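# Residue-level structure breakdown
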Amino acid sequence: MIAKLKQHYQKSRLKNPDFSFLFDEITEDEEFVSFDCETTGLNVKKDEILSIGAVKIINNKIEFSESFEKYVRPENNICEESIKIHHIRPCDMENSIEAKIAIEEFLHFIGNRTLIGYYIKFDIAMINRYAKKLIGTTIPNKSIELSNMYYKRYKKESSHEFVDLKFDTIMDKLNLPKLGQHDALNDAVMSGMMYLKLKDMPEYKGAFS
């Protein structure tokens, strides 16, 4: 009920009807989009998106032909400390596009699909900051948090056991190949693989230890 009210409010704020498809009801088997953003930092209010990578998951398969990768031109210069985090240099931004264009294309790519990601709330918050300026509202898409999926399927030896939720640790535990992080598209693909592996594991049934 609360989710419905929130979506109704979001739709009422939509100032560009060309993006009304974001609010279409999912009537058939769901398709998903696994995505990731590389940013200049972790402050949603002031940092900027530098790249967006995404891939569609259809019929339990990652569709590599249905991928999205854009470098986003920042308003401010990329500082040295920022480069140490995301490894994106000014020379890597030669083919970057304006944020408005990148976000518009991304919204058309995701449509009304459920979004998948690792600590996805941050990535969605970053997208929303740009989306508000572009369409007047935040995106209404459902989302799936991979660290939460992993935690629910982890067999703890005791209720006090610490569960390591680092991205690399989860990939290792699931025996998934690493493609090299700090690349938005690679991270999106790895997140997609993680989701497909986790979804077939029963919750709280000791799928791994």
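Above this note sits the structure.
Not measured: the values here are computed from a predicted model.

About the criteria used
- Residues numbered from 1 in each chain as written.
- Predicted model: local features only at pLDDT ≥ 70, side-chain atom pairs only at ≥ 80, totals over all residues.
- Heavy atoms only, no water.
- Helix = DSSP H or I, 4+ residues; strand = E, 2+ residues; numbered from the N terminus.
- Rg over C-alpha atoms; globule rule 2.2 N^0.38 Å.
- Contact = heavy atoms within 4.5 Å.
- Areas by Shrake-Rupley, 256 points an atom, 1.4 Å probe, with all protein chains shown as cover.
- Lys, Arg positive; Asp, Glu negative; His and termini not counted.
- Charge placed at Lys NZ, Arg CZ, Asp CG, Glu CD.
- Pairing = 2+ DSSP bridges.

## Focus: the overall build of the protein chain
- A tally of helices and strands in the protein chain yields seven helices and six strands.
- Starting at the N terminus and ending at the C terminus, the protein chain contains elements arranged as α-β-β-β-α-β-α-β-α-β-α-α-α.
- In terms of C-alpha radius of gyration, the protein chain reaches 18 Å, essentially the compact-globule figure of 17 Å for 209 residues.
- In terms of overall dimensions, the protein chain has C-alpha extents of about 50 × 45 × 35 Å along its principal axes.
- Restricting the contact set of the protein chain to residue pairs at least 6 apart, pairs at least 24 apart contribute 66%.
- A total accessible area of about 12100 Å² is found for the protein chain, and carbon and sulfur atoms account for 49% of it.
- The average position of the 30 basic charges and that of the 33 acidic charges among the side chains of the protein chain differ by 6 Å.

## A look at the pairing of strand β3 (residues 61–73)
- Where strand β2 (residues 49–58) lies against β3, eight bridges are found, and the strand directions are antiparallel. Its bridge partner being in β3, I52 is matched across the sheet by K70.
- From the end of β2 to the start of β3, which pair antiparallel, there are two residues, and N59 there has a positive phi angle of about 55°.
- Here two bridges tie β3 to strand β4 (residues 97–98), and the two strands are oriented parallel to one another. Looking at β4, one finds that V72 is bridged to I97.

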